[in-house]
Every structure is written in C-alpha cells, then in structure tokens.
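# Commentary on secondary and tertiary structure
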Amino acid sequence: MALRLIGGSGCGNGPCPAVYETENGTIVVQGFVVDPERAELVLPPGEGAVEIPRYILERALAAG
C-alpha cells in the first residue's frame, strides 16, 4: 500500500503522529494507541483507536 503524508507533526526525531492518504483514496492515521476500556469505546474486531494532536488533523484537512 502506497502512502502519501498529508499531515504530520514535523517532530524531526523519528516516527510521530501523522495522517496519510492511500493510493485507494482512504486515510491512515498514525498515533498513540488508546485503551478502549479506559476511553469507554466499544470497538469491533480488527479496529483500533489512536490519539493525535488536533493540529495534525487540521493540517491534513487543509492540505486535502
């Protein structure tokens, strides 16, 4: 799967939270894993939740 970075933190010290667009026109979000029980989320099998800073999503939306 080919990814194109459309929003990131630019932290410069390794992998950081980011938003990517795939070659299929879908979105991949890289972030900090959220504990579903602690966040009171019910996730179906195969899904996960991540947390990213708000400004990264805002940058990604502005770039799209």
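Conventions we followed
Residues numbered from 1 in each chain as written. Predicted model: local features only at pLDDT ≥ 70, side-chain atom pairs only at ≥ 80, totals over all residues. Heavy atoms only, no water. Helix = DSSP H or I, 4+ residues; strand = E, 2+ residues; numbered from the N terminus. Buried < 20%, exposed > 50% of the residue type's maximum accessible area, 1.4 Å probe, protein only. Areas by Shrake-Rupley, 256 points an atom, 1.4 Å probe, with all protein chains shown as cover. Lys, Arg positive; Asp, Glu negative; His and termini not counted. Charge placed at Lys NZ, Arg CZ, Asp CG, Glu CD. Pairing = 2+ DSSP bridges. Axes fitted to C-alpha atoms, helices over the stretch in contact; angles between N-to-C directions. Contact = heavy atoms within 4.5 Å.

### Considerations on the overall build of the protein chain
Along the backbone of the protein chain there are 1 helix and 5 strands. Across the protein chain, helices and strands are ordered from the amino to the carboxyl terminus as β-β-β-β-β-α. Here the protein chain, with 64 residues, has 20% of them falling under the buried criterion. Put simply, the protein chain shows about 5,000 Å² of open surface, and 54% of that area lies on carbon and sulfur atoms. When the 4 positive and 8 negative side-chain charges of the protein chain are each reduced to one mean point, those points stand 11 Å apart.

### Let's talk about the sheet that holds strand E3 (residues 27-30)
The 3 strands are arranged E1-E2-E3 in an open sheet whose pairing can be described as antiparallel. Edge strands, defined here as strands with exactly one partner in the open sheet, are strand E1 (3-8) and E3. On average, each strand axis in the sheet is inclined to that of its neighbour by 25°, with strand direction left out of account. Sheet topology note: the E1/strand E2 (residues 18-22) ladder contains 5 bridges and is antiparallel. Note that in E2 the partner of Leu5 across the bridge is Tyr20. In this fold helix H1 (residues 54-63) packs onto E1 and E2, with an angle of close to 125° to the strand it touches most, E1.

### As for the environment of Val19
Secondary-structure assignment places Val19 in strand E2. Taking the C-alpha atoms as reference, Val19 lies 21 Å from Pro36; in sequence the two are 17 residues apart. Beyond its immediate stretch of four places on either side in the chain, Val19 contacts Arg4, Leu5, Ile6, Gly7, Ile27, Val28, Ile52, Ile56 and Ala60.

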